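Residue-level structural notes
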Amino acid sequence: MRRSADIDALQQVLSAALGSPDPVCALARLDQGTGAFAALDTTVLERPTLVGGGSPYHPTSPAPTRHALDELVRRAETLGVPQILVPNVRRCDDTGALRAAGLVPIATESECVVRLTGEVDEVLRTRVGAERLDDLRRRDREISAEVTWERIPLSELDGSPWARDAFVTLHRRQAERHGGHDNLYNAEALDALAHGPLAKRTEMLIHREQGAVVQAGLLTTSHNGRGIYSLAQAIDHDDPAARDDLFAASMYRLYLHARRSGLEWVHLGRGDIPRMRRLGADLFVPLDHWLRAPGLASPEAAAEHPLSEYAAPPVTGVPVPGPARFRQVPRFDTIDLSSNTNPFLGAAGEYPHLDTTELADTYLATIATLPGHEGVAALSADHLLFSSGSVDGVMLLLAALASPGERVCVTPPTFPLYGHFAHLLRLPVVEVPLHGDDLSRLDTERILAADPRVTILCDPNNPAGTRLDPEQVHELVVRGRGLVVIDEAYVEFSEQPSYARLIARHDNLIVLRTLSKAWGLAGARCGIALAQPGIIEALRRVQVPFGFTNASQHAVRDRLTDVRRVVAGIRRIRAERDRMAAALTGHPAVARVFPSETNFLFVRLHKHERVMDQLRGAGIVVADTGRVVPDTCRITIGDRRANTALLEALSAAL
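So, here's what we can say about the structure. Because the structure is a prediction, the values reported are computed rather than measured.

Residue P412 is joined to P413 through a cis peptide bond whose omega torsion reads 0°. Positionally, P413 belongs in the loop between strand 12 (408-410) and helix 16 (417-424). Of note, the bond from D459 into P460 is cis; its omega dihedral lies within 30 degrees of zero at 5°. Structurally, P460 can be placed in the loop between strand 14 (454-458) and helix 18 (470-479). Positive phi, normally seen in glycine, also occurs at Q210, with a value near 50°. Mapped onto the secondary structure, Q210 falls in the loop between strand 6 (202-209) and strand 7 (212-221). Even without being glycine, D631 reaches a positive phi, approximately 65°. Its place among the elements puts D631 in the loop between strand 20 (623-624) and strand 21 (632-636).

A separate point is the sheet that holds strand 20. Spatial strand order, 18-19-21-20: 4 strands in an open sheet with antiparallel pairing. Edge positions in the sheet fall to strand 18 (590-593) and strand 20, since each of these pairs with one other strand and no more. As judged from the 5 bridges shared by strand 19 (residues 600-605) and strand 21, these two strands associate in the antiparallel manner. The residue bridging V603 from the neighbouring strand is C633, located in strand 21. Against the sheet, helix 22 (residues 608-617) contacts strand 19, strand 20 and strand 21, and its axis sits at roughly 130° relative to strand 19.

Here we take up the packing of aromatic side chains. Tallied over the full model, the rule gives 6 aromatic pairs. The interplanar angle of 70° and the centroid separation of 5.3 Å between the aromatic rings of Y229 and W265 together place this pair among those described as edge-to-face. Placement of the pair is Y229 in strand 8 (residues 227-235) and W265 in strand 9 (residues 265-271), with a sequence separation of 36 residues. Taken as a pair, Y229 and W265 share a single burial class, namely buried. Ring geometry for Y490 against F600: centres 5.1 Å apart, planes inclined by 85°, an arrangement best described as edge-to-face. One end of the pair, Y490, is in the loop between strand 15 (483-487) and strand 16 (509-514); the other, F600, is in strand 19, and 110 residues separate them in sequence. Accessibility expressed as a relative area gives 7% for Y490, which makes it buried. Sitting above the plane of the Y499 ring, R501 keeps its charged end 5.9 Å from the centroid. Lying over the aromatic face of F600, R634 brings its terminal NZ or CZ to 5.6 Å of the ring centre.

Quick look at the pattern of salt bridges now. A full pass over the atoms with the stated rule returns 43 salt bridges. The closest approach of N and O atoms between R201 and D6, which form a salt bridge, is 3.1 Å. Here the residue R201 occupies a position in the loop between helix 9 (187-194) and strand 6, and D6 occupies one in helix 1 (residues 4-18), the gap between them amounting to 195 residues. The burial state of R201 is the same as that of D6; both residues are buried. Between R513 and E488 there is a salt bridge, with the nearest N and O atoms lying 3.4 Å from each other.

So, how was this worked out
Per chain, the residues get numbers from 1 upward, laid out in the order the sequence is written. pLDDT decides what is reported in this predicted model: residues at 70 or higher carry local features, side-chain atom pairs at 80 or more are listed and counted, and totals for whole chains, interfaces and linings draw on all residues regardless. Side-chain metrics rest on all non-hydrogen atoms present in the structure, leaving aside hydrogens and water. Helix and strand definitions follow DSSP, with helices as H or I runs of at least four residues and strands as E runs of at least two, each counted in order from the N terminus. At least two bridges found by DSSP between two strands is the condition for calling them paired. Contact criterion: two residues are considered in contact whenever any of their non-hydrogen atoms come within 4.5 Å of each other. Each axis is a line fitted through C-alpha atoms, and for a helix only the stretch in contact is used; angles between axes span 0 to 180 degrees, taken between their N-to-C directions. In this scheme Phe, Tyr and Trp rings, the latter by its six-membered ring, pair at centre separations within 6.5 Å, and the angle between planes marks the pair as stacked below 30 degrees, edge-to-face above 60, and tilted otherwise. The cut-offs for exposure are 20% and 50% of the maximum accessible area for each residue type, with area from a 1.4 Å probe on protein chains only; residues under the lower value are buried, those over the upper are exposed, and the others partly exposed. Over a ring means this: the NZ of a Lys or the CZ of an Arg is within 6 Å of the ring centre and within 35 degrees of the ring normal. The salt bridge criterion pairs a side-chain nitrogen of Lys or Arg with a carboxyl oxygen of Asp or Glu, the two atoms within 4 Å.

Here you go:
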């Protein structure tokens, strides 16, 4: 919860649970089986602590202001309490006041949110896969045949004493199951909540089997009216598998309820990310507990990444544009009256969310599992910038890292927009053509002699489809004074490794990636720049803040969690590429098929103009590259039906 009044209400609930006028207790009582404080000394765990937030109840606490912290410190002194805890603070909040007041961060589980961007089954199908969706629906059907579901407004709880008693009993048993911790969801806590300011927005969710209550939880509507917080859940079953089944089924039912009610998200609380992802969670916000205790030393604050020495002079004198400075701050549970948009036309009237840190981590974790990406695990979200397609990344890096008059080197044949953008930015373009039979050799000495500010390599090459000599690429990175940019738009189709694994070692290396090709998201317009954090910071100062749309972010997140489907598609394309290469190699209209490590074939034709006319007449469009390399075309690998049609049209051309 992001409203101080709500956190104050939960503090009153905690005080009632403790039987104290103030929320003071030992940290051990708050642990509730999560182990967040396990590394602390026993003395610290048992010492009285003033709690300045809503723990152990799930919603996060806003980072307190300096004034609020001063009040908290005075309150602790008045009570004679030696320790202060501010729990569940989002790591992306401004925590400067907490550090200044002597509080120390202690990492805990992330908060997990399910964002409902469409019909529940469709959202879950794309997010967790059809098989997992079928499993959730099966559990729901089986359990619903035996369990009845009831929702009781908490403001009416006095009329259902049986529900109150069952809730308290289930949570006491759950506390005992987690190692004998005190039950902080006791009758006094529940009564305080039922008669407090949150009662009008809170319901008790009850599941009964043959009359006996088997699950009891609390749901609170957010103050902005757009989502639900799951405050508490307790299940009466000793079998962990049975508890998991009932919890998963109840979450699925909760999503359906939220969607029917016009809500946009369900806050699941803190939890294990892999488990919550399997329940459909798509937003994970890292949290810290902040503790001030005698003798507890504060760790060194993480230093800001210095701006790269390669940043162009104008970039060094400007900050990151306002909205992008808050890119890590999720806003799903706030009321945004800062953006001057139309509130009456739905979610499309909102600016895109900029909380892409979790998405960056997901992308890096996903590609780290692919062959040739072993070193990517060393990278963090600070090494990554999302752009509106990788082409946008080219424009960004030229604008941020080169000044008018500084040379840009390209190696034709190559993607033409590199030179196009350089000319627009008044950057002289030096062309150093590729050579060798497969157009895979660089003239490294000539490139180094030109002393370019930026050298842009397309590897795998477009349009040739071949890979550059890795020793020559490495020589450019090590010996050159300027930046080396490697566009890896097609690298997932290659058997050779990605240069992304070298980002952490070289401050002049930038790798561009895209989700348009192998990942099948051309319409989402998502590019990725990987580089040292100082370079990424320079790119952020140039980038338009809202270029990565909400729809694109959802599409990317869903695709990244369905990587098996992507890998299967890559295998099919490779197999079809090899079949087409063999068929075209022996075709009388084809002079040569270049070796390919992409999803296309570069082909030299015998009768170029005639063949191109014939293909157009057959309604088949291929890329005519004859102006770049005489008598050639680039053929994308389609499905088998499309590829067969191409072969037939080529035969007709003769």
